[in-house]
Every structure is written in structure tokens, then in C-alpha cells.
Amino acid sequence: MLSMHSAPIYFLNLTYEVKKYIKKRGEIILSTSFVTKKSREVCIGKSIDILNHNYWNANLLSRLNRENEGKHGCEINIVSFDVISELGLTTNRFKEREFPA
């Protein structure tokens with residue numbers, strides 16, 4: 001049973017897009033091209049909105065960002081996923097908001 005301050009954990013095959021920041025004419029801008037990558041990750045939730053939300057998956061998103069950042073940084077956008085398995089629930093660590101059903 002889902003408690004008020006916990007969230008479901010899943011092991012997922014993720015597909016995500018990486019857009020890098022580039023330096024063009026002296027200013028840093030977000031590139032219009034992107035690279036699609038795949039990864040197997042432990043995540044909170046199983047909807048695109050929750051997977052891309054920094055409150056629920058801060059560790060995942062910051063790690064993917066660090067792994068792909070390049071010289072000027074990047075933006076990560078998870079575009080699809082396949083559930084490998086459901087792993088259980090988090091501890092009661094989400095005090096500010098309730099996990100969306």
C-alpha cells in the first residue's frame with residue numbers, strides 16, 4: 001500500500017535525449033540537434049512527467065546530466081521507457097508533496 005510520503009520504485013529501460021549547450025558567436029546556446037541514448041536505471045515512478053521531474057528523480061537526472069554534460073552542459077529529456085521490474089516503495093522521505101497516483 002502506498003503511504004502518503006513514499007513512492008514506487010522501478011527498474012526501467014530508459015530512452016532519453018541529450019541536447020548540449022554550445023558556444024556560438026561568443027554566447028552559449030542550446031543546440032537544436034540531440035543524441036538519443038538508452039540506459040537501464042532505477043527510478044521513482046513510471047510516467048514520463050514524473051521521470052523528467054527533478055523533485056522525484058533528482059539523483060537520476062543529475063547523474064545523467066553529469067555523464068553527458070560535455071564542455072558547456074546539457075539538458076536531459078526522458079522520452080520513453082519499458083518497465084523491467086517493480087522494486088517496492090521508497091522510505092517516507094517525500095514530506096512536501098504526495099506522490100501522484
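About the cut-offs
Residues numbered from 1 in each chain as written. Predicted model: local features only at pLDDT ≥ 70, side-chain atom pairs only at ≥ 80, totals over all residues. Heavy atoms only, no water. Buried < 20%, exposed > 50% of the residue type's maximum accessible area, 1.4 Å probe, protein only. Helix = DSSP H or I, 4+ residues; strand = E, 2+ residues; numbered from the N terminus. Arc of directions from axis to C-beta. Contact = heavy atoms within 4.5 Å. Phe/Tyr/Trp six-rings, centres within 6.5 Å; stacked < 30°, edge-to-face > 60°. Polar contact = N/O pair within 3.5 Å; in protein donor to acceptor, adjacent residues only side chain to side chain.

J.: Hey, could you go over helix H2 (residues 58-68) for me, with residue numbers and the actual values?
T.: Taken residue by residue, H2 has Leu60, Leu61, Leu64 and Asn68 as its buried positions. Seen end-on, H2 carries its buried residues on one side only, within an arc spanning 95°. Along H2, exposed side chains directed more than 90 degrees from the buried face belong to Asn59 and Arg66. Those residues of H2 hidden inside the fold are in contact with strand S1 (8-24), strand S3 (35-44), helix H1 (48-51) and strand S4 (74-89). Positive backbone phi, at 70°, marks Gly70, one or two positions downstream of H2.

J.: Can you break down the packing of aromatic side chains residue by residue, with the values?
T.: Following the criterion strictly, the structure yields 1 aromatic pair and no others. For the pair Tyr55 and Trp56, a centre-to-centre distance of 4.8 Å together with 85° between the ring planes defines the contact as edge-to-face. Residue classification places Tyr55 among the partly exposed residues on the basis of a relative accessible area of 21%. Exposure remark for Trp56: the relative accessible area of 5% places this residue in the buried category.

J.: Describe the side chain of Glu41, listing the residues and the values that go with them.
T.: Here Glu41 is to be found in strand S3. With a relative accessible area of 8%, Glu41 lands in the buried category. Polar side-chain contacts of Glu41 include one of 2.2 Å to the side chain of Arg63. What Glu41 contacts, discounting residues up to four positions off in sequence, is Tyr10, Phe11, Leu12, Leu14, Leu60, Arg63 and Leu64.

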